[in-house]
Every structure is written in structure tokens, then in C-alpha cells.
Number of protein chains: 4
Amino acid sequence: MSTKREQILETAMRLFIENGIQSTATALIAKEAGVATGTLFHHFKTKEDLVHELYNSIFDSLISYQKKHFDEEADVYEKLHQIWSLDIEWGTTHVEYVHFLERYSFFYYASESAIDKAHQRFDYCMNTFEQAISKELMKIDDLEYVRDHYIWNIRMNIIYFIKRPDRCTTENIDKTFEIYWNGIIND
Amino acid sequence: MSTKREQILETAMRLFIENGIQSTATALIAKEAGVATGTLFHHFKTKEDLVHELYNSIFDSLISYQKKHFDEEADVYEKLHQIWSLDIEWGTTHVEYVHFLERYSFFYYASESAIDKAHQRFDYCMNTFEQAISKELMKIDDLEYVRDHYIWNIRMNIIYFIKRPDRCTTENIDKTFEIYWNGIIND
Amino acid sequence: MSTKREQILETAMRLFIENGIQSTATALIAKEAGVATGTLFHHFKTKEDLVHELYNSIFDSLISYQKKHFDEEADVYEKLHQIWSLDIEWGTTHVEYVHFLERYSFFYYASESAIDKAHQRFDYCMNTFEQAISKELMKIDDLEYVRDHYIWNIRMNIIYFIKRPDRCTTENIDKTFEIYWNGIIND
Amino acid sequence: MSTKREQILETAMRLFIENGIQSTATALIAKEAGVATGTLFHHFKTKEDLVHELYNSIFDSLISYQKKHFDEEADVYEKLHQIWSLDIEWGTTHVEYVHFLERYSFFYYASESAIDKAHQRFDYCMNTFEQAISKELMKIDDLEYVRDHYIWNIRMNIIYFIKRPDRCTTENIDKTFEIYWNGIIND
DNA sequence: AATGAATGAGCATTCATTCAT
DNA sequence: CATGAATGAATGCTCATTCAT
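Residues numbered from 1 in each chain as written. Chains lettered and ligands numbered in written order. Predicted model: local features only at pLDDT ≥ 70, side-chain atom pairs only at ≥ 80, totals over all residues. Heavy atoms only, no water.

1. Some thoughts on the protein's contact with DNA strand E
1) Next: Near DNA strand E lie 30 residues; those nearest to it are Thr 39 and His 42 of chain B, Thr 26 of chain C together with His 42 and His 43 of chain D.
2) Next: Across the atoms of DNA strand E situated within 4 Å of the protein, the share located in sugar and phosphate is 65%.
3) Next: Here a phosphate oxygen of DNA strand E sits 2.6 Å away from a polar atom, N or O, in the side chain of His 42 of chain B.
4) Next: In this structure, Thr 26 of chain C approaches DNA strand E through a main-chain N or O atom, which is 2.5 Å from a phosphate oxygen.
5) Next: Those elements that provide at least two residues to the surface near DNA strand E are helix H3 (37-43) of chain A, helix H3 (37-43) of chain B, helix H3 (37-43) of chain C together with helix H3 (37-43) of chain D.
6) Next: For the surface near DNA strand E, the residue count by class is eight nonpolar, 18 polar and four charged. (Near = heavy atom within 4 Å. Polar contact = N/O pair within 3.5 Å; in protein donor to acceptor, adjacent residues only side chain to side chain. Helix = DSSP H or I, 4+ residues; strand = E, 2+ residues; numbered from the N terminus. Nonpolar A, V, L, I, M, F, W, Y, C, P; charged D, E, K, R; others polar.)

2. Describing the side chain of Asp 142 of chain B
1) Next: Of note, Asp 142 of chain B is situated in the loop between helix H8 (123-134) and helix H9 (143-163).
2) Next: Assessed through its relative accessible area of 8%, Asp 142 of chain B is described here as buried.
3) Next: Within the structure, the side chain of Asp 142 of chain B is placed 2.3 Å from the side chain of Tyr 160 of chain A, a separation counted as a polar contact.
4) Next: Beyond its immediate chain neighbours, meaning those up to four positions away, Asp 142 of chain B contacts Tyr 160 and Arg 167 of chain A together with Ile 133 of chain B. (Buried < 20%, exposed > 50% of the residue type's maximum accessible area, 1.4 Å probe, protein only. Contact = heavy atoms within 4.5 Å.)

3. Comments concerning the packing of helix H5 (residues 76-93) of chain C against helix H8 (residues 123-134) of chain C
Residue and element names in this part refer to chain C.
1) Next: Between H5 and H8, whose axes approach to 10 Å, the crossing angle comes to 145°. The hand of the H5/H8 crossing is left-handed. Of the residues in H8, those in contact with Val 76, Lys 79, Leu 80 and Ile 83 of H5 are Cys 125, Thr 128, Phe 129, Gln 131 and Ala 132.
2) Next: Residue classes in the contact of H5 with H8 are distributed as six nonpolar, two polar and one charged. (Axes fitted to C-alpha atoms, helices over the stretch in contact; angles between N-to-C directions. Left-handed = near helix turned anticlockwise from the far one by under 90°.)

4. Brief notes about the protein's contact with DNA strand F
1) Next: What surrounds DNA strand F is a group of 31 residues, the closest being Thr 39, His 42 and His 43 of chain A, Thr 26 of chain B together with Thr 39 of chain C.
2) Next: Counting only atoms of DNA strand F within 4 Å of the protein, the fraction found in sugar and phosphate groups is 63%.
3) Next: One of the backbone N or O atoms of Gly 38 of chain A is found 3.1 Å from a base nitrogen in DNA strand F.
4) Next: Tallied by class, residues from the surface near DNA strand F come to eight nonpolar, 19 polar and four charged.

5. Some details on the interface of chain C and chain D
1) Next: Contact with chain C, which involves 31 residues of that partner, is made by 31 residues of chain D.
2) Next: For the pair chain C and chain D, the summed buried area comes to about 3,100 Å², and 57% of that belongs to carbon and sulfur atoms.
3) Next: Together, Tyr 145, Trp 152 and Ile 179 of chain C form the three largest contributors to the area buried by chain C at its contact with chain D, with a combined 23%.
4) Next: Between the two partners, chain C and chain D, sit eight salt bridges. (Buried area = accessible area lost by both parts, 1.4 Å probe. Salt bridge = Lys/Arg side-chain N within 4 Å of Asp/Glu carboxyl O.)

6. Side note on the relation of the copies chain C and chain D
1) Next: Overlaying chain C with chain D gives an RMSD of 0.1 Å, the required rotation being 180° about an axis along which the chain moves by 0.0 Å. Taken together, the rotation angle and the small translation identify this as a two-fold axis. Closest approach to the rotation axis within chain C is made by the C-alpha atom of Gly 183 of chain C, at a distance of 1.8 Å.
2) Next: Most of the interface of chain C is mirrored in chain D, where 100% of its interface residues again form contacts. (Least-squares fit on C-alpha atoms with pLDDT ≥ 70 in both.)

7. Examining the relation of the copies chain B and chain A
1) Next: For the match of chain B to chain A, the screw axis carries a shift of 0.1 Å, the RMSD comes to 0.1 Å, and the turn is 180°.
2) Next: The share of interface residues of chain B whose copies in chain A are also at the interface is 100%, consistent with both copies meeting through the same surface.

8. As for the packing of aromatic side chains
Each aromatic ring pair is described using two quantities: the centre-to-centre distance and the angle formed by the ring planes.
1) Next: Under the definition given, this model contains 78 aromatic pairs over all chains.
2) Next: On the basis of an interplanar angle of 75° and a centroid distance of 5.7 Å, the ring pair of Trp 84 of chain A and Tyr 150 of chain A is categorised as edge-to-face. Placement of the pair is Trp 84 of chain A in helix H5 (residues 76-93) and Tyr 150 of chain A in helix H9 (residues 143-163), with a sequence separation of 66 residues. Across the pair, exposure class does not vary: Trp 84 of chain A and Tyr 150 of chain A are buried alike.
3) Next: Plain terms: the ring middles of Trp 84 of chain B and Tyr 180 of chain B are 5.2 Å apart, the flat faces sit at 15° to each other, and that makes the pair stacked. With a gap of 96 residues between them, Trp 84 of chain B in helix H5 (residues 76-93) and Tyr 180 of chain B in helix H10 (residues 170-184) connect regions that are remote in the sequence. As far as the burial class goes, Trp 84 of chain B and Tyr 180 of chain B line up, both buried.
4) Next: Ring pairs connect the aromatic residues Phe 16, Tyr 55, Phe 59, Phe 70, Phe 100, Tyr 104, Phe 122 and Tyr 124 of chain A, which therefore count as one cluster.
5) Next: Over the face of the ring belonging to Trp 152 of chain D we find Arg 155 of chain D, whose NZ or CZ atom lies 5.1 Å from the ring centre. (Phe/Tyr/Trp six-rings, centres within 6.5 Å; stacked < 30°, edge-to-face > 60°. Lys NZ or Arg CZ within 6 Å of the ring centre and 35° of its normal.)

Following this line, the structure appears as C-alpha cells:
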């Protein structure tokens with residue numbers, strides 16, 4: 001019911017993307033959200049709390065989107081293909097979330113523990129990577145490598161398809177998955 | 001050539017890496033460099049200028065390192081392999097530069113024009129990508145894709161080998177190049 | 001008579017003692033008392049009112065304690081001895097009240113008029129001081145001096161006996177009264 | 001040479017006395033001192049540092065005043081008489097310092113450690129108290145009691161003589177010392 | 001070239017109080 | 001009686017930059 005709270009969240013997201021998190025003053029967020037500064041701090045103890053809430057809500061969105069379509073019973077190739085496609089579908093339809101995450105990722109707010117917590121939420125991905133490794137499908141049998149390799153490639157591809165929506169076809173998405181897959185798997 | 005100027009640059013690099021660029025006050029840089037705040041602004045018109053000078057000197061380092069070993073006459077596979085290996089060699093032996101670049105990349109200081117200028121300096125890389133595309137070696141014939149795909153993957157790998165210096169062997173570096181190459185090329 | 005009202009008073013007293021009056025936020029009092037902030041302001045028009053109510057209730061306690069044992073008919077020495085001992089007895093058994101008064105005394109809330117009003121309530125003490133002066137018992141025949149001299153000495157002694165409960169015996173209390181009495185009276 | 005620094009100190013002292021320490025905003029101090037807020041924080045890292053500097057400079061004044069006249073070789077009675085008279089002379093001629101100390105003493109800024117440090121600076125007083133106790137001159141042979149008893153009485157007397165400058169004669173000061181001395185010493 | 005005092009707009013956060021429910 | 005979201009002026013403090021020496 002808290003309309004003001006939501007207004008603050010929406011405005012903060014927009015301003016963080018436009019100007020960066022550190023460069024966005026809480027006073028500006030409040031002003032553009034049409035509330036008093038005190039109201040912002042009534043709902044969020046600190047600016048950092050506000051950032052974290054946005055960060056978590058984005059992962060809520062992504063994870064719930066993926067879990068709706070993810071098939072635990074499929075084989076490794078299928079599952080990775082699904083994850084890849086769903087990530088890109090979600091990313092290109094939640095552009096502002098992607099921009100926020102890119103602002104956030106290498107930002108000082110993103111403590112190691114926050115990143116760890118985020119990784120933990122993607123257990124179904126991690127399980128798939130582990131399964132792939134244990135089946136000796138991967139060129140490198142280090143979970144950390146496999147995970148980071150996936151994350152950096154999917155980030156790059158999502159950003160690419162956002163920049164080039166004209167190329168964002170199923171066919172092209174499949175092609176990018178092949179690039180990912182052909183690279184990482186054993187011949 | 002002034003010693004003070006160099007002290008400022010070194011100290012700034014260290015502090016930017018430790019705390020982030022935006023979170024590092026010029027007053028602190030001056031203090032830790034053992035100079036007056038006025039001296040810092042005597043040598044660098046603005047904080048942004050200081051950041052840019054560091055940024056450019058890093059690419060000077062990387063480019064001169066690569067040009068020393070790069071063989072323009074080799075074939076595409078060879079050239080990309082060279083660039084890949086040289087990037088990782090340079091990255092793992094210039095850890096602080098890598099950390100600085102990661103701090104800088106997604107930072108608001110990095111304007112589009114700064115990024116474009118940087119890309120231009122890597123003409124020998126771009127030429128190689130173009131050559132590969134024109135020879136129809138790549139799964140996707142879009143220069144921007146090929147370039148970004150390379151950049152994100154090399155960044156990911158450099159950071160990985162910095163985190164895991166024990167795994168930073170020629171054999172493993174070659175294996176990661178195979179992951180890159182097998183992914184991006186046509187079958 | 002409301003329980004909530006009493007919870008507020010008790011919690012406020014505790015927090016004022018722990019952190020000082022000005023440093024204790026009304027929101028914190030409400031929270032620790034388990035009531036809403038609105039409830040606090042329903043029972044006390046302002047924070048200052050709450051402080052005053054505590055202040056007055058403490059003097060209610062002290063004065064009623066003393067009046068129960070005070071003998072108006074005794075001679076000056078006896079009466080001052082009684083007041084002295086009763087003050088120390090009350091103080092060492094109402095430690096939190098003492099702490100509150102010490103927090104309050106030099107605090108900006110304590111206006112001159114509030115202090116005057118408090119002095120007026122201790123008419124039986126003032127009468128005794130006047131009696132002592134008119135009988136030429138005191139080294140200085142200025143009521144203000146006699147009063148302040150008593151107040152500062154009794155405060156000091158109460159605080160001392162609170163810090164050193166092991167020394168708080170009738171014998172020691174009597175000894176401190178002798179210090180007071182031998183000082184102020186004419187030889 | 002730092003005129004601005006001194007202006008800040010003088011203005012702060014005045015405003016702290018007038019309105020209390022906590023109720024005086026650093027912005028107001030800067031404004032009334034005719035400097036920018038940044039200047040205040042250039043000279044004093046925090047408001048607390050500013051308060052401490054004032055506090056310490058006051059004790060510098062008192063201690064240097066007393067040491068100029070204090071005779072280490074005199075007997076206990078003489079030495080205490082000197083300290084007493086010098087305290088009152090200093091207090092009535094440095095009224096604003098006294099007011100500041102009264103504002104400060106029971107204020108949350110005055111940590112136990114700050115109070116301890118202050119006590120340590122008055123070693124010549126403490127030595128005299130110890131000497132008096134070891135000669136069995138005092139009714140109570142507890143150094144803490146003797147010290148606090150002195151402090152509270154001298155504070156009370158200084159404030160009294162400030163309020164009543166007409167009564168501040170050598171004769172009256174001597175009389176108040178007799179009140180102090182006759183009280184505390186053994187018969 | 002080097003210094004460091006001075007600037008003042010800007011920032012995150014606090015808090016007594018109000019008021020609609 | 002009770003609630004707690006909402007308010008917004010106020011606060012201590014920061015920081016890139018300037019400038020007189």
C-alpha cells in the first residue's frame with residue numbers, strides 16, 4: 001500500500017542509472033519522488049539499504065522469471081541453453097535493471113559478501129555448472145572459472161542485445177549460445 | 001619528470017585501487033604523496049585530468065608491451081593467440097593497472113569518447129578482428145560483437161589468473177585461448 | 001494511570017540517564033517503551049514536558065521521603081543533621097533519580113524559573129537555613145551562600161556514596177555531616 | 001598568526017557559553033566568526049576537537065596562573081589556602097572560562113578519560129591533598145573524597161563570587177577558605 | 001615550482017512534532 | 001486512546017578547487 005515507498009524505489013532506480021549511484025543525492029531522489037527527505041529515511045535506514053533493496057528486487061525478478069521456465073530434468077546442454085536464453089530474454093525486457101546492475105557491480109557498494117549472497121541465490125545455475133563439470137564436459141574443471149566465464153559472457157551478450165535490439169532474434173541468441181557452448185565444452 | 005609529480009601519480013593509483021576513484025579525496029592523495037594540495041593541482045588541472053593521465057599511461061604500458069612481441073605477418077589464429085597470451089602476461093604482471101582499469105571502466109569518468117579513443121589505440125587488434133571477419137572465420141560477422149566479446153573474455157581471464165596465480169601456466173593460458181577461439185570461430 | 005504512560009516515563013528516565021537528555025530521541029523512547037511515537041506525544045505535549053514531569057516527580061519523591069521523618073521542632077543542628085542524612089539515604093536508594101538530576105541540572109532545559117520553583121518546594125530547608133543565620137550560627141550570613149553551599153556539598157556526598165556503597169554507613173554519613181557542619185558554623 | 005583560527009575559538013567559546021555546546025551549530029560558529037564552514041573544519045577535525053581545545057586551553061590558563069604564585073615549600077595549610085585563593089582569583093577574572101567549564105563538565109563530551117587527564121594535570125594539588133592525608137590532617141583519609149570535596153566547594157565558591165562581585169574581597173575569600181578548611185580538617 | 005589556508009555548495013542523516021486513520 | 005507514516009529544517013562534515021605568498 002505504501003505508494004510513497006514505491007515512488008522512492010522507482011525514482012532511485014532511474015536516477016542511479018542516469019547519474020550513477022554515488023553521484024545521486026538522496027535529497028534529489030526525495031524531491032523527484034515527491035516526498036520529504038525524512039520520508040526516504042523513514043523507509044530506508046540508509047542510502048546503502050535503498051541500494052541493496054533495489055539490488056535484491058532485481059534478482060527476485062530474474063530468478064522468478066527463470067524458475068517459471070526452467071526444466072530441472074533436462075540435460076546439461078538443454079539447461080544451459082535455457083538459462084542463456086532466459087537471461088537474454090529477461091535482460092532485454094528489463095533494460096533498466098541491467099543498467100542498474102552494471103552500475104552496481106563494480107561499485108564500492110558491492111561488497112564481497114553481497115556478491116556471495118547473490119551467487120547463492122542462483123543455486124540452480126551453480127548446480128548445472130557442477131553437473132557439467134562432473135560429467136567432464138567442460139574444458140576447465142574449476143567451478144569458479146566456469147561460473148565467472150558464464151557471468152561475463154552473459155553480461156556482455158545482454159548488453160550487446162540491448163544496444164542492438166534489431167539483432168535480438170531467437171536465431172541470433174542461439175548463435176551466441178553456440179559461441180558460449182562451443183568454447184567452454186570439451187571437443 | 002618532477003619527483004613530486006610521480007609521487008602523486010603513484011599514490012593516486014594506489015588509493016584509487018584501494019578505495020575507488022570517487023571515494024578518494026584529492027587532499028588524501030596529496031597528503032599520502034607528501035605534497036601540498038596546491039601541488040597536486042599545479043601538476044594536474046583537475047582530478048579528472050589525473051585520472052585520465054593514469055588511464056592513458058596504463059594503455060601506453062600495455063600497447064608498448066604487446067608491440068614489442070606482436071608479429072603483424074602471422075596468420076589470424078597466431079595473431080589472436082599472441083594478443084591473448086600477451087594480454088594475460090601483461091595483466092598478471094601489472095596487477096595494479098588491471099585493478100585500476102576495473103575501477104575505471106564502469107565509472108562515470110569513463111565517457112563514451114574516452115572509451116572510443118582507447119579502442120582506437122588498439123588498431124593492431126581491431127585490424128586482426130576485421131581480418132578474421134573478412135576471412136569468414138567468425139560465427140558473428142559484426143566487428144562490435146567480436147571486439148566486445150574479446151574484451152569481456154580477456155578481462156575475465158586476466159582477473160581469474162590474478163586471483164589464481166598458481167594456475168597461471170602457459171598450458172592453462174593456452175587452454176583458455178582455446179575456449180575463446182573454439183567459441184568464436186566457425187566450425 | 002495508563003500503563004503506556006508509565007512505560008514512557010520509565011523508559012525516558014533510563015535513556016536520559018544513559019545517553020543524556022538532548023541525545024535521546026523521542027522516537028527511541030517510544031520504541032523502547034513499546035509504543036508509537038504518536039502515543040508519546042499524546043501523553044506529553046512536548047519532549048520538554050516529559051522532562052519536566054520526571055523532574056517534578058523526583059522532587060515529589062525526595063520531599064515526601066523527607067517530610068515523613070523531618071521534625072520541625074528539633075533545634076538547628078538536629079534539623080540540618082536530619083536533612084543531610086535523609087538526603088543521603090534517599091539519594092543512595094534512588095540512584096537513577098540522582099543521575100537524572102545531575103544530567104538535568106546544568107542542562108539548557110533547566111531554566112532559572114524551573115530552578116527557582118524547585119527551591120521554593122524545599123521551604124522547610126530554607127526555613128532552617130534562615131533560622132541558623134538569624135541565630136548567628138553561620139560563618140556567612142547570606143542565605144544564598146548557605147543554600148548553595150549546602151546543595152553543592154550534599155550533591156557531592158550523595159554521588160560519592162553512590163560510587164562507594166561500601167562506605168555508606170551511618171558512621172561515615174555522620175562524619176560527612178560533621179565536615180559540613182564544622183565548616184559552615186561559627187566557632 | 002592564524003587569525004581565523006583564533007576567531008573561531010573565541011566565537012565558539014562565546015556561543016557555547018550562551019547556548020550550550022550541543023545547541024550551538026558549527027555553521028553558526030563559522031558564520032559569526034566570519035569564516036566559511038570549511039575553514040572551521042580545516043582547523044579542527046571535528047566539533048569535539050574544538051571543544052577539547054577550548055577545554056585544554058582553559059586548564060593551561062588556570063595551571064600557569066597558579067604555578068606562577070604557588071609555593072611548593074609552604075606547609076599544607078598555606079598551600080591549600082594559596083590554591084583556594086588563586087582558584088577564586090583566576091575564576092573571577094576569567095568568568096567566561098568558568099562558564100564554559102560548567103557547561104562542559106556534566107556534558108556528554110566530558111568522557112571519563114578526559115576528566116582523568118585533567119585531574120592528572122593538577123598534580124601539585126593532588127600532592128598537597130596526599131600530604132594532608134598522610135599527616136592525618138583530614139577527617140576522611142580517602143584521596144578521592146578529599147579531591148572531589150575540594151572541587152565541588154571551589155566550583156560553588158567561584159560561581160558565588162562571580163554572581164556577587166561586590167562580596168569578592170580578600171576578607172571574604174579568606175572566610176570561605178576557613179569554611180572549607182574547618183570542615184575538612186580534624187579537630 | 002610549491003605551499004596550505006580558505007572556500008562554500010553539497011551530502012547523508014536526524015528528530016521533534018503533526019495528523020489522518 | 002493509539003498508531004506510525006510523513007514532514008523538512010537543521011546538523012556535522014566533505015571535498016575539489018583557488019590563490020596569495
